[in-house]
Structure formats: structure tokens, C-alpha cells
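# Overview (structure and organization)
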Amino acid sequence: MRILFFASLSHVMKASYKSISWVFGDQLNSNHSWFKDHDVSRLFIIAELPQETSYCNHHVQKVAAFFAAMKNFAESLQESGHEVLHLTLDETNEFKDFHELIQHMLGQFSAQFFCYQRPDEYRLLNQLRSLTFADHIEVKEFDTEHFLFSFDQIERDFVSKKSHRMESFYRRMRKGFNILMDGSEPKGGAWNFDKQNREKLKKDDVYSVPAPLTFENDVSKILTRIKTHKVPVIGREMNPLIWPVNRDQALELLDFFCDRCLPSFGRYQDAMTAKSDHSWSLYHSRLSFALNTKMLSPLEVINTALARFENSQDEISLPQIEGFVRQILGWREFIRAIYWINMPEYSEANFFESNRKLPDYFWTGNTKMRCLQSAIKDSLEYSYSHHIHRLMVTGNFCMLAGIHPDQVDDWYLGIYIDAIQWVELPNTRGMSQYADGGLVASKPYAASGNYISKMSDYCTDCYYNVKEVTSEKACPLNSLYWHFQSENSTLLRRNPRANLVFKSWDRKSEDDRNAILLKAQEVISSLESL
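Residues numbered from 1 in each chain as written. Predicted model: local features only at pLDDT ≥ 70, side-chain atom pairs only at ≥ 80, totals over all residues. Heavy atoms only, no water.

## A word on the packing of aromatic side chains
Tallied over the full model, the rule gives 43 aromatic pairs. When the centroid spacing of 6.4 Å and the interplanar angle of 90° are considered together, the rings of W34 and F35 count as edge-to-face. Of the two residues, W34 and F35, neither departs from the other in class, the shared state being buried. On the basis of an interplanar angle of 75° and a centroid distance of 5.3 Å, the ring pair of F151 and W340 is categorised as edge-to-face. Placement of the pair is F151 in helix α6 (residues 151-157) and W340 in helix α13 (residues 318-342), with a sequence separation of 189 residues. By relative accessible area, W340 is classed as buried at 12%. One aromatic cluster is present, formed by W22, F24, F98, F114, Y116 and F133 through successive ring pairs. The aromatic ring of Y55 is capped on one face by R123, whose charged end is 4.1 Å from the ring centroid. Over the ring of Y268 we find R267, and its NZ or CZ is 6.0 Å from the ring centre. (Phe/Tyr/Trp six-rings, centres within 6.5 Å; stacked < 30°, edge-to-face > 60°. Buried < 20%, exposed > 50% of the residue type's maximum accessible area, 1.4 Å probe, protein only. Helix = DSSP H or I, 4+ residues; strand = E, 2+ residues; numbered from the N terminus. Lys NZ or Arg CZ within 6 Å of the ring centre and 35° of its normal.)

## Considering the packing of helix α10 (residues 247-265) against helix α12 (residues 298-311)
At their nearest, the axes of α10 and α12 sit 10 Å apart, and the two run at 35° to each other. Classified by chirality, the crossing of α12 by α10 is right-handed. Between α10 and α12, the contacting residues are R247, L251, L254, D255, C258, D259 and L262 on the first element and E300, V301, T304, A305 and R308 on the second. For the contact of α10 with α12, the residue count by class is six nonpolar, one polar and five charged. (Axes fitted to C-alpha atoms, helices over the stretch in contact; angles between N-to-C directions. Left-handed = near helix turned anticlockwise from the far one by under 90°. Contact = heavy atoms within 4.5 Å. Nonpolar A, V, L, I, M, F, W, Y, C, P; charged D, E, K, R; others polar.)

## Re the nonpolar core
Ranked by internal contacts, the top residues of the largest apolar core, which has 182 residues, are I20, W22, M105, F114 and F397. Sorting elements by how many residues they give to this core places α13 first, with 13 residues. (Core = buried A, V, L, I, M, F, W, Y, C linked by side-chain atoms within 4.5 Å.)

## Description of helix α21 (residues 496-507)
An α-helical segment advances 3.6 residues per turn. Residues three or four places apart therefore align on the same side. Where α21 is concerned, the buried positions are A498, V501, F502 and W505. Buried residues of α21 fall within an arc of 100° about the axis and therefore sit on the same side. Across from the buried face of α21, at angles greater than 90 degrees, the exposed residues are P496, L500 and R507. With a side-chain oxygen lying 2.9 Å from the backbone nitrogen of R497, the N-terminal cap of α21 falls on N495. (Arc of directions from axis to C-beta. Polar contact = N/O pair within 3.5 Å; in protein donor to acceptor, adjacent residues only side chain to side chain.)

## Section: helix α16 (residues 405-415)
Across the 11 residues of α16, eight count as buried, placing the element largely inside the fold. Here α16 has its buried residues at P405, V408, D409, W411, Y412, L413, G414 and I415. The secondary structure elements touched by the buried residues of α16 are β3 (58-59), α2 (60-79), β9 (233-234), α14 (370-382), α15 (387-401) and α17 (421-432).

## Notes on the pattern of salt bridges
Under the criterion given, the structure shown has 26 salt bridges. Among the salt bridges present, the one from E528 reaches K357, with a minimum N-O distance of 3.1 Å. Taken as a pair, E528 in the segment after α22 (510-525) and K357 in the loop between α13 and α14 lie far apart in primary sequence, 171 residues in all. What emerges from the salt-bridge pattern is a single network uniting R118, R129, E141 and D143. (Salt bridge = Lys/Arg side-chain N within 4 Å of Asp/Glu carboxyl O.)

## Let's talk about the pairing of strand β1 (residues 19-23)
The buried count for β1 comes to five of five residues, which makes it a mostly enclosed element. Here β1 shows no split at all, with S19, S21 and V23 on one side and I20 and W22 on the other all buried. When β1 meets strand β2 (residues 42-47), the two strands line up parallel, connected through five bridges. Bridged to S21 within β2 is F44. Relative to strand β5 (residues 113-117), β1 is paired through four bridges, and the arrangement is parallel. Looking across to β5, one finds that W22 is bridged to Y116. (Pairing = 2+ DSSP bridges.)

## Observations concerning the packing of α13 against α17
Look at α13 against α17: their axes get within 8 Å of each other, and the N-to-C directions meet at 85°. Looking at the two axes, α13 sits roughly perpendicular to α17. Between α13, through W331, R332, I335, R336, I338 and Y339, and α17, the contact on the second element is made entirely by Q421, W422, V423, L425, P426, N427 and M431. Residue classes in the contact of α13 with α17 are distributed as nine nonpolar, two polar and two charged. (Parallel < 35°, antiparallel > 145°, perpendicular 65-115°, else oblique.)

## Some words on the side chain of R286
In this fold, R286 is placed in the loop between α10 and α11 (288-292). Here R286 occupies a buried position and makes no salt bridge, while the nearest side chain of opposite charge, E252, is found at 10 Å. Here L213 takes part through its backbone oxygen, which lies 3.1 Å from a polar atom of the side chain of R286. Contacts of R286, omitting those with residues within four sequence positions, involve P212, L213, W243, L253, F256, W280, S281 and Y384. (Lys, Arg positive; Asp, Glu negative; His and termini not counted.)

Scope: geometric values only; no functional claims are made or implied.
Structure representation (C-alpha cells):
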């Protein structure tokens, strides 16, 4: 049997362990019941896996952040007295595949049990449940103990291929966890305050945007490994790395958000600007990586924000805290349920039968469209872009332009530091592309340039004219918007919410409609040069 020397170890390993418990890179939950007791017969393995770096082209900061967080978690477990083996690509690349690696570990340490926490990705769960081992090896699957809506509850409350609405789910969660409630009624007399949370950043507001809290994590050794093993990556390399890669940093970022950003979070959650040095972060929490790796739990994030609200109601209004709670308690849990109840078919949904190629500038940001340029360059620069960029800029453009959802999915899954398929797929294919035909959203989130102008200052410095539809320099979103509605009218006219748009379209003269559609075809034929 092949015996490896594990260079990443800083302590002497025992010759054998009764059980091996595998911890994946998005399972860094120090409060999991696995870690409550110290069992010297149990070995925890945390490993950088080639298969997890290659199923799509990830942003280099994403790979570095995951690897750094995994290393830090392994060290924290070891310092707490647990038996831990941390493997890097230097060790795991010696094996043909993940199955061979596990088999080797079980054999080398004479283990009788192989334990794992249920992965949050269908791909990985299916792989683990399909593995075969020697008869004397017992396999045990555990819950991650992270989410507020249990895995078993998904099949009880959700139905595959049926539309579900986040609002009703969110209200049930609010009641169930007694969050922002006055008895049986919502605090403040309303379940959400969306209408108060759609403000644009005015000129003077831009100067008040806080500088984001960032960190200085040395990832030089990780970057060397990425290059040595030829991991396919995209985006800008960053060292030191600014993202939280341990629990202490994640908690510090949570406190920063509550102190500096929460007072204005809801108000400006849909706003965009090119006029601030902090336009990529604004008032957003940027906690998604810490949450999705489980360094933070959703309930502790909510409770921390609620405590700050209760103690600072002169600074933090109800609409601000409600908007944040809705994202964590409502949307995040809802999206996970949509993912699991509809997989694996969901990953192939293509309601509009879109088939165009994603333009090359999604990997450079070199486009004359100011909004798209800003959203893409932020993504490449930071492996992050806030939700309105993702939904109403890059997402809206891809849907209107008829980009194949597979290509959109691959880009979103790879480029964003917080992107794991369970959260990326329903948000992208469902919410932004409406490729699921309405399982997530009640209508397509389609918008012309008017929306961008309303919620940002991009249009003032753009090469294109947002007020024009058919002229040479007309905003491409305008003609694409009407082309999208016209091309999909048979599907969309059935939808009461989407049908309102066609009343405006039908009122246009035939000449105007033809001119708009002709312009749209011109835009589509020149997608690569916009």
C-alpha cells in the first residue's frame, strides 16, 4: 500500500483510527456536534481536492479563500485537541480521483467508519452516496446543522416542478422563529418594507459610503500551489487576500456590518454607483462567503443584527433590519429548498430556449456599456459583486440577449467567491434568467435602460444614450428589452404580471415596433462589440 508523507502536518499522527470524518471546504462549522467531544479514535480530514477546483473555472480569489479557510479551520480543530489531517493539492494530486483518496485513507489508518456531512451540492452528494467500500467499512451521513429549514422538511413543504413564492415562505419562517414579530403580527404592521428600500444614491450620499472592512491574509503559498498544479482560474490574483478566512475575521466583519452598514442597508440595497471608491461594497454585508462556508451560522448573523437594532433604534430603522433579515431568513433558506426539490432536472431548465454565446467581455469587462463594465470589472477584481449587479445588470443583460443559461451558470458559479451550486443555480437560472419558467420568480426580471438610470449614475457617463431606443448610440438594453418581450410573447402573455408590458407594446405603431426589433437584431449581431 502506498504510504504518503503528509507535509502539511504539524503533529505526529497515530497509526490507526477507528473512524475517518471528512470535512469539505464549505463545512467549516466549529459549532457542529462533531466537535463537541474529543475522540482520539476519530480522525478529521480536510483536503484540497482537484475535482473541486476543476468542475468550472473558479476565480483565483475564490480558490485561495476556500483553501485558506480550510487550513485555518484544520489548525483551529487541532488546537482544540482534535485529531486532524489537512491535505493540500501537493498530496491529493497523487491520487487518480476522490474515491481512490478516500480508499487510501481508510486503508492507511485501518478505519472502520467513513463519516461525512451531507454536501449542499447535488453533484457531490450523489458522488458520495454512489461510492463503494469494502464490506467492513460502515458509512455514516450526518446533517451539516447549519440551515434553519431542515433538509427533511424540504420534501414535506415543497413540490418539484411547482411554483413556490418566497414571501409566504418568509412569513412562515418569521412566525416559526418569532423574529420581528409582535405576537402573531409582524413588527411595524407589515411583513416587508420593499417600497422604502429602493432609494438611489444621490450625489451627496456617495461621499458617506463607508470604506469596507478588509483583511490582510497571506495566501502566497496557496497561489504557488494553484500555479504549480495548473488549476484553471479566472479574475485578478490578490495577495494579501481581503476576504475573511477564519471565524474571528468573519465575526469582525459581521460587527462592522451592523455598526457601519446596517443603518443604511435597506434604503440603498438596490442602489448602484460609479462615483464612489467603494462602489463594489456600498452598504452590503459581504458575509455570504463566511455564511456559505459555515464559518458563521444564519441564526447568529440574524440575532447579532437584531440585537444591534434593538439597542440602536434611533440609528437603525425597521425597514433596514427587515430587509437584511429577509435575505438570510427568507431568501437564502428558500433558494436552498428550491434547489433540492428540483434537482437534477433544474440544472437543465431553459424556458426561453436561449442559445447564444456569452460575450468575451465577461472575462475582461471591456465593453462600452457602463453598467455592464462596472459589474463585470467588480466581479473580476474582487470575486464579488452585489446582488443588484448580479440580478439587474449582468443577469438582465444575459436574459434579454438570449445567452444560453448553461454559460450564464458557469460564469456565475466560477466568478463569485460565495458561489456554491445550491445558492448559485436557483438565483441565476431561476431568478435572473427565468429559465425555470417561474418556479422561483413570479415574472421575468426584465428591464430596459430606464431601470439602470433610475437606480444608478452609470448612464451619465455611458457611451450609449439611455433615452434612445433605435438611434446609433441608443442604449442596447432598450431595444433588447422589447425584442425579448416580442420574441417570448406567447409564453409571457399568459402571465398576468408580465402581461401588463404588452399593453404598452401593443400601443406602439407597427412602424415603431419594426424599427425597435430591427435595432435589436443589430445589437444581437454585434454583441461582442457593444
